[in-house]
Amino acid sequence: MIDIDVIIHVEDGYKKAKDLITSIYKEQKVVVKKIVVALTSKNNDEENHFKEFCKEKDVFLFEIESWYFSSSLTIQRAIRHYCTSDIVVVLNQNIKLIRTDSLYNLVKDIASKKCAYTFGRQIVKKNGLEKLLFNELFRASPLVINSDNYDELKKETYSALIAYFALDRNLFLKLNGYQDYEHLLEANAYYMRKLIDDGYALRYSSESLVENPYRLTKAHVHDCYFYLAKFMAKNESMASYKDNNNPRLRGILAKKLLKHGNFIGLIRMGYYKIVKKRAEIKVRKINL
């Protein structure tokens, strides 16, 4: 049995968060020592009911003011001050654990010291652009990621993997976590690169399967490319990072959308390409 702590940020959608917490305690081959909930305070009746639920389930809860929220610094705070297990799992509140061994499969290679960071396979059940995208990003076979193949990670993968990942807590503290990065996209990109540069391996655990009811939005696409472009511009180690995968990925998605007659999906994809370009131009202007 592997001891783990689990961190969840809850902003709203309290029913989904309750269902996730209940399913976490049903996971097999792991001992969930502590669930830490970072709650963005809304001060309403639904939130109060959720607090009572957490109290009944022995969930540790700390509150964050919505006007001063940083996803990466919140997770870093939870890892540093509230977690105690050697392995920490971070979950988006919308994630659905569809197998009782998902967390075990996510953390087993960290426990055996084969890697320092893992992320699992996410699927989208509803047909559409998101399902096709996740099918391309999260393949059916596992992958060990090191300095030789790090650039195979697509930018889109960064934006999705932050919903479901695990790390070695002691190593995270030793390497000083996310440094000063205030957005989880660039913070995780930084931390993964730091691990690679220091000789540690990462692992994509395809056997750790979860459902993510994800939907692309203009804001999410903008943030993904803005913060990652900002991160790459600030880090010399990322200067050689190539974007060759993205045109290929767009081509695959366009062909599949066309095959299924999903013209709305094609329009959305074209629109998000424009949003991506605007975000990257904004970063270049900032760095001039």
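The structure contained in this document is the topic of the report that follows. Every chain's residues receive numbers from 1 upward, in the order its sequence appears when written. Side-chain atom pairs in this predicted model are given and counted only at pLDDT of 80 or more, local residue features only at pLDDT of at least 70, and totals for whole chains, interfaces and linings cover all residues. Computation of side-chain values: all heavy atoms of the structure, hydrogens and water removed.

### Quick notes on the nonpolar core
Move 1: What makes a nonpolar core is a set of buried Ala, Val, Leu, Ile, Met, Phe, Trp, Tyr and Cys residues whose side-chain atoms join them at distances within 4.5 Å. Relative accessibility decides the category of a residue: with a 1.4 Å probe and only protein chains considered, values under 20% of the type maximum give buried, values over 50% give exposed, and everything between is partly exposed. Within the largest apolar cluster, 55 residues are counted, with the highest numbers of intra-cluster contacts made by Ile7, Tyr117, Tyr178 and Tyr191.
Move 2: Residues contacting Tyr191, with those up to four places away along its chain left out, are Tyr117, Asp168, Leu171, Phe172, Leu175, Gly177 and Tyr178.
Move 3: Membership of the second largest hydrophobic core comes to 34 residues, among which are Ile4, Val59, Ile87 and Ile95. Throughout, a residue-residue contact means that at least one pair of heavy atoms, one from each residue, lies within 4.5 Å.

### Comments concerning the packing of aromatic side chains
Move 1: Each aromatic pair joins two rings of Phe, Tyr and Trp (for Trp, the six-membered one) with centres within 6.5 Å, and gets the label stacked for planes under 30 degrees apart, edge-to-face for over 60, and tilted for any other angle. Here the structure, examined in full by the defined rule, presents twelve aromatic pairs.
Move 2: Summarising the aromatic geometry, the rings of Phe50 and Phe53 are spaced 6.3 Å apart at their centres and angled 25° between planes, so their arrangement reads as stacked. Highlighted residues: Phe50 and Phe53, both in helix α2 (residues 45-56), separated by three residues, approximately one helical turn. Both residues of the pair, Phe50 and Phe53, count as buried.
Move 3: Here Tyr117 and Tyr191 contribute two aromatic rings whose centre-to-centre distance is 6.4 Å and whose plane-to-plane angle is 55°, an arrangement assigned as tilted. Here Tyr117 is found in strand β6 (residues 117-123), whereas its partner Tyr191 is found in helix α8 (residues 184-197), with 74 residues between them in sequence.
Move 4: By relative accessible area, Tyr117 is classed as buried at 0%.
Move 5: What makes Tyr191 buried here is its relative accessible area of 0%.
Move 6: One aromatic cluster in this structure is built from Tyr117, Phe165, Phe172, Tyr178 and Tyr191.
Move 7: The ring of Phe60 carries Lys34 above its face, with NZ or CZ at 5.4 Å from the centroid. Think of it this way: any DSSP run of H or I at least four residues long counts as a helix, any run of E at least two long counts as a strand, and we number them from the N terminus. A ring is considered to have a charge above it if a Lys NZ or an Arg CZ atom is located within 6 Å of its centre and within 35 degrees of its normal.

### Description of the environment of Arg80
Move 1: The residue Arg80 is located in helix α3 (residues 71-82) in this model.
Move 2: C-alpha separation for the pair Arg80 and Asn176, spaced 96 residues apart in sequence, amounts to 9.7 Å.
Move 3: Once residues lying within four places of it in the same chain are set aside, the contact partners of Arg80 are Arg169, Leu173 and Asn176.
Move 4: A distance of 2.7 Å separates polar atoms of two side chains, one belonging to Arg80 and the other to Asn176. Between N or O atoms, a polar contact is any pair within 3.5 Å; within protein, one atom must be a potential hydrogen donor and the other a potential acceptor, and residues adjacent in sequence are included only when both atoms are from side chains.

### A few points about the packing of α8 against helix α9 (residues 218-234)
Move 1: Packing of α8 against α9 leaves a shortest axis separation of 8 Å and a crossing angle of 40°. Overall, the two elements α8 and α9 adopt an arrangement that is oblique. Between α8 and α9 the crossing geometry is right-handed. Residues Leu185, Glu186, Ala189, Tyr190 and Arg193 of α8 form the contact with α9, whose participating residues are Asp223, Cys224, Tyr227, Leu228, Lys230 and Phe231.
Move 2: Considered class by class, the residues forming the contact of α8 with α9 number seven nonpolar, no polar and four charged. Note on method: axes are straight lines fitted to C-alpha atoms, helices fitted across the in-contact stretch only, with angles between N-to-C directions ranging 0 to 180 degrees. Note that the term roughly parallel is reserved for angles under 35 degrees, roughly antiparallel for angles over 145, roughly perpendicular for angles of 65 to 115, and oblique for everything else. By definition, turning the near helix anticlockwise from the far helix through less than a right angle yields a left-handed crossing, and turning it clockwise yields a right-handed one. All residues other than Ala, Val, Leu, Ile, Met, Phe, Trp, Tyr, Cys, Pro, Asp, Glu, Lys and Arg, Gly among them, are scored as polar; the first ten of these are nonpolar and the last four charged.

### Some remarks on the pattern of salt bridges
Any two side chains of opposite charge can pair, on the condition that their charged atoms come close.
Move 1: Each reported salt bridge corresponds to a side-chain nitrogen of Lys or Arg within 4 Å of a carboxyl oxygen of Asp or Glu. In the structure shown here, the tally under the stated rule is eleven salt bridges.
Move 2: Between Lys125 and Glu211 there is a salt bridge, with the nearest N and O atoms lying 3.9 Å from each other. You can see Lys125 sitting in the loop between β6 and α5 (129-137) and its partner Glu211 sitting in strand β9 (residues 202-211), a full 86 residues away along the chain.
Move 3: When its relative accessible area of 52% is taken as the criterion, Lys125 is described as exposed.
Move 4: The class for Glu211 is buried, based on a relative accessible area of 11%.
Move 5: Residues Arg203 and Glu207 are paired through a salt bridge, measuring 3.0 Å at the closest nitrogen-oxygen approach.
Move 6: Connected through shared salt-bridge partners, Lys108, Asp109, Arg203 and Glu207 make up one network.

### Thoughts on unusual backbone geometry
Move 1: In the Ramachandran plot, Asp58 falls in the positive-phi region, its phi being about 60° despite a non-glycine side chain.
Move 2: Summarising the element assignment, Asp58 is placed in the loop between α2 and β3 (60-64).
Move 3: Even without being glycine, Asn176 reaches a positive phi, approximately 65°.
Move 4: Following the sequence through the fold, Asn176 ends up in the loop between α7 (169-174) and α8.
Move 5: In this structure Asn176 comes out as partly exposed when scored by relative accessible area, which is 36%.

### Here we look at α9
Move 1: Here a helix's expected span is defined as the number of its residues, less one, multiplied by 1.5 Å. With 17 residues, α9 should reach 24 Å at 1.5 Å per residue; the first-to-last C-alpha distance of 24 Å fits that figure.
Move 2: Buried residues of α9: Val221, Cys224, Tyr225, Phe226, Leu228, Ala229, Phe231 and Met232, and no others.

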